[in-house]
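Notes for the structure review
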Amino acid sequence: MHSMTCNIAGVELKNPVIMASGTFGFGREYAQLYDPGLLGGISGKGITLHPRAGNKGSRMQETASGMMNSVGLENPGVEAFLRDELESMTQWDTAVMINLGGADIEEYVKAASIINDACAAQRREGHRTADMLELNISCPNVKEGGMQFGIRTEVARQVVREVRMATALPLIVKLSPGAEDLTAMAVMCEEEGADGISLVNTFQAMKIDIRRRRSAFQQTYAGLSGPAIKPIALRMVHQTAQAVRIPVIGMGGITSAEDIVEFIMAGAAAVQVGTYNFMNLRAGVELISGLEAWMRQERVQALDEIRGIV
Amino acid sequence: MQKGRFTVAKVISNVRYAPDINVLKVEGDYAGAMGQFYMLRCWDSFPLLSRPISIYDIGDGYIAFMFRIVGTGTELLAGLQPGDEVQLEGPFGQGFPEVEGRIALVGGGMGTAPLYMAAKRYTQAEVFLGFSTTAFGVPAFEERTSQVTVTVGAESILEHVQPERYEYIFACGPHLMLEALAHKVEGTEARLFLSAEKRMACGMGACLVCSVQGPHGNRKVCKDGPVFEAGEVDWDALHDL
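Residues numbered from 1 in each chain as written. Chains lettered and ligands numbered in written order. Predicted model: local features only at pLDDT ≥ 70, side-chain atom pairs only at ≥ 80, totals over all residues.

**Points about the overall build of chain A**
Selection criterion: Going along the chain from the N terminus, every DSSP run of H or I of four or more residues is numbered as a helix, and every run of E of two or more is numbered as a strand. Atoms considered for the radius of gyration are the C-alpha atoms alone. The globule rule reads 2.2 Å times the number of residues to the power 0.38. Residues with at least 20 neighbouring C-beta atoms inside 10 Å of their own are called buried, those with 12 or fewer are called exposed, and the rest are partly exposed, where every C-beta is derived from the backbone. The contact criterion used here is simple: two residues whose C-beta atoms, placed from the backbone, lie within 7 Å are in contact.
Within chain A, the regular secondary structure consists of 11 helices and 16 strands. Since a compact globule built from 310 residues should have a radius of gyration of about 19 Å, the 18 Å found for chain A is in line with a globular shape. Projected onto the principal axes, the alpha-carbon positions of chain A cover approximately 55 × 50 × 40 Å. Across the 310 residues that make up chain A, the buried fraction comes to 58%. A separation of at least 24 residues holds for 72% of the contacts in chain A among residues at least 6 apart in sequence.

Have a look at this one:
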């Protein structure tokens, strides 16, 4: 009997495959193609206290083995999310992460406590609710906030500390690969009471439209994801997993079951899959069956046997 | 949105219509309405993303896509031989509306492709097709209706369109042409529906990379469009793919 189960901050996942924020909406679209209940978890599209229209101009450019996006946290705002999406998102038998972004500490904290109250109320009424809060301190595509919290450890500390106080939900902090000292950032999250960390968010990158002699993106830089970043992401997950005791959710360019195995061997408790959802709309289910087949073939009974062995 | 369907199908034919324009015909029975699109792919992991291509034609046992060869993805699609396999996912998006009345179809270059399904549906429609260098695909329209006006070169096809003669105008083409047409339609009774273009990743409304701004909020080209009524989205939002 092979078991793919994982435990993140007391939340039991049936398998380590979580759909990454921003690549899976709130699950509705993909639910037309397969049952999201087969997944280990879903991290919802990043939300913020207030609705955001997102960035103008081109929002996406393909690269060799990757893509750059500059969506800019387009989202309906926390109130509309709780009203229109959370119930739908928790209908499937899968772990639900609410991904929260923000422009300043006050915004983060306000939104976190609104989410906390709403989830607590749902639970009191006996309803299913979100399982975790994923704090996005690493979005490269919003001018203010976002990224700057992702770079400086001591700036980020303030956000993590205050959001930690504002929520009873298990707290996962999503890190940027642009952090000035990634392991110090991870250790800081652990010190401030985070229940886990996830990494990496996209790499800040650039594309120039040479005909018009300007950046292809109105925000100048955009976030690079996809197979191109996988080797770097894997190294960062490896370094981070060795620096902290809390679970590390690894991501960056996963497109196969073997990639998932690599991240787990590097020390990841679970993984997130992002860009691959666009290459293959049924990525989630195919990765899960691929991982199961690999475990059977390699006679691995549980992922703990291989976790962090490298 | 209709439920997406994934198919791996065989190529029937792949014909060069103009120096950089191909029509790819694929075996099978497919759903799809005028103005909707499919995500196409005939490669493994490079390029990364599938290509959104509007439906050119659907018939008994086939679906056809007309596309311009602009990069790696469309080059690979253009290289497909009869019998080769291609992956299709769709149909996606909101197409041209079902209406009754006097209709004009106005297409510019590659933008003529999604109008062919509309010409089959509205055989009484008047068709206007403009091309910058070479005309292509015109005979197919002429088989459906005798009212086809074509311009090639500097003369704008819009000079021939008199919006006040129609209740509905369906258009697709370069954004500057669509914008000029919208100005021409302003103040008449005609309702203008246009098909927009934007780079896509998921193709079904989850990733928001094809969002465009409009007076009543953002619209997703893949899910709310690609066909919009004029005024629903801002023109400058369509300038960059």
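Structure's up, so let's keep going.
**Structural notes on the overall build of chain B**
Summing up its helical and strand segments, chain B has four helices and 15 strands in all. The C-alpha radius of gyration of chain B comes to 17 Å, within 12% of the 18 Å expected for a compact globule of 241 residues. For chain B, the spread of C-alpha atoms along the three principal axes comes to 50 × 40 × 30 Å. Of all 241 residues assigned to chain B, the portion counted as buried reaches 50%. Within chain B, contacts between residues separated by at least 24 positions form 59% of all contacts whose residues are at least 6 apart in sequence.

**Re the sheet that holds strand E15 (residues 227–229) of chain B**
Note on sheets: strands pair through backbone hydrogen bonds, and any given pair is parallel or antiparallel. Residues and elements named next belong to chain B. Let me state the cut-off plainly: By definition, two strands form a pair when at least two bridges between them are found by DSSP. Helix axes use the C-alpha atoms of the stretch in contact, all axes being lines fitted to C-alpha atoms, and the angles between their N-to-C directions lie in the range 0 to 180 degrees.
Taken together, the six strands give an open sheet; going across it, the order is E10-E9-E8-E11-E12-E15, and neighbouring strands pair in mixed fashion. Every interior strand has two partners, whereas the edge strands, strand E10 (148–152) and E15, have only one. Taken over all neighbouring pairs, the strand axes of this sheet differ in orientation by 15° on average, direction set aside. Alignment of strand E8 (residues 103–108) against strand E11 (residues 168–172), held across five bridges, turns out to be parallel.

**A closer look at the domain arrangement of chain B**
Residue and element names in this part refer to chain B. Inclusion rule: Those domain boundaries reflect an automatic or database domain assignment. Residue polarity is assigned by list, with Asp, Glu, Lys and Arg as charged and Ala, Val, Leu, Ile, Met, Phe, Trp, Tyr, Cys and Pro as nonpolar; anything else, Gly included, falls into the polar class.
The domain architecture assigned to chain B consists of domain 1 (5–92) and domain 2 (103–238). If you average the C-alpha positions of domain 1 and of domain 2, the two centres end up 21 Å apart. Facing the 18 residues of domain 1 at the interface are 18 residues of domain 2. Of all elements in the fold, only strand E1 (5–18), strand E3 (37–41), strand E4 (51–54) and strand E6 (62–68) reach the threshold of two or more residues within the side of domain 1 that touches domain 2. Grouping the amino acids of the side of domain 1 that touches domain 2 by side-chain chemistry returns 13 nonpolar, three polar and two charged.

**Notes on the pairing of strand E8 (residues 132–136) of chain A**
Residue and element names in this part refer to chain A. Most of E8 is tucked away, with five of its five residues classed as buried. On E8, burial covers both faces: Met 132, Glu 134 and Asn 136 on one face and Leu 133 and Leu 135 on the other are all buried. Sheet topology places strand E7 (residues 95–100) next to E8; four bridges connect them, and they run parallel. Looking at the pairing, Met 97 lines up with Met 132 of E8.

**Section: the interface of chain B and chain A**
Reports of interface size often rely on the accessible area that becomes lost once the parts have come together. At the junction of the two partners, chain B supplies 23 residues and chain A supplies 29 residues. Of the residues belonging to the side of chain B that touches chain A, the class tally is 13 nonpolar, six polar and four charged.

**A short note on the packing of helix H7 (residues 182–191) of chain A against helix H8 (residues 230–243) of chain A**
Residues and elements named next belong to chain A. We apply this condition: Should an angle fall under 35 degrees it is taken as roughly parallel, and over 145 as roughly antiparallel, whereas 65 to 115 is taken as roughly perpendicular and any remaining angle as oblique. Crossings are assigned a handedness: left-handed for a near helix turned anticlockwise from the far helix by less than a right angle, right-handed for a clockwise turn.
Where H7 meets H8, the closest approach of the two axes is 9 Å, and the angle between their N-to-C directions is 45°. Considered as vectors, H7 and H8 are oriented oblique to each other. Of the two elements, H7 crosses H8, and the hand of that crossing is right-handed. In this structure, H7 contributes Leu 182, Thr 183, Ala 186 and Val 187 to the contact, and H8 contributes Met 236, Gln 239, Thr 240 and Ala 243.

**Some remarks on the packing of helix H4 (residues 105–124) of chain A against helix H6 (residues 153–166) of chain A**
For any two helices packed against each other, one specifies the inter-axial angle together with the distance between the axes. Residue and element names in this part refer to chain A. Following both chains from N to C, one finds H4 and H6 inclined at 25°, their axes separated by 8 Å at the closest point. When the axes of H4 and H6 are compared, the pair comes out roughly parallel. Note that H4 runs across H6; the crossing there is right-handed. Along the contact surface, H4 presents Ile 105, Tyr 108, Val 109, Ala 112, Ser 113 and Asn 116, while H6 presents Gln 158, Val 159, Glu 162, Val 163 and Ala 166. Of the residues assigned to the contact of H4 with H6, the class counts are seven nonpolar, three polar and one charged.

**Digging into the nonpolar core**
Rule in force here: We call a set of buried Ala, Val, Leu, Ile, Met, Phe, Trp, Tyr and Cys residues a nonpolar core when their C-beta atoms link them within 7 Å.
Grouped together as the largest cluster of nonpolar side chains are 179 residues, with contacts concentrated most on A:Ala268, A:Val271 and B:Leu105. The element that contributes the greatest number of residues to this core is H4(A), accounting for six residues. Taken together, domain 1 (5–92) and domain 2 (103–238) of chain B each give at least three residues to this core, which thus spans both. In this view, B:Leu105 contacts B:Leu115, B:Ala118, B:Ala119, B:Ala125, B:Val127, B:Phe128 and B:Phe170; residues no more than four positions away in its chain are not counted.

**Quick look at the sheet that holds strand E7 (residues 85–92) of chain B**
Residue and element names in this part refer to chain B. Sheet architecture is open: seven strands sit in the order E4-E3-E7-E1-E2-E6-E5, paired in antiparallel fashion. The open sheet has two free edges, formed respectively by E4 and strand E5 (57–59), since each of these has just one partner strand. For this sheet, the mean angle separating the axes of adjacent strands, direction not counted, is 35°.

**So, the environment of B:Ile103**
Examined against the element boundaries, B:Ile103 turns out to sit in strand E8. Between the C-alpha atom of B:Ile103 and that of B:Glu143, which follows or precedes it by 40 residues, the distance is 17 Å.

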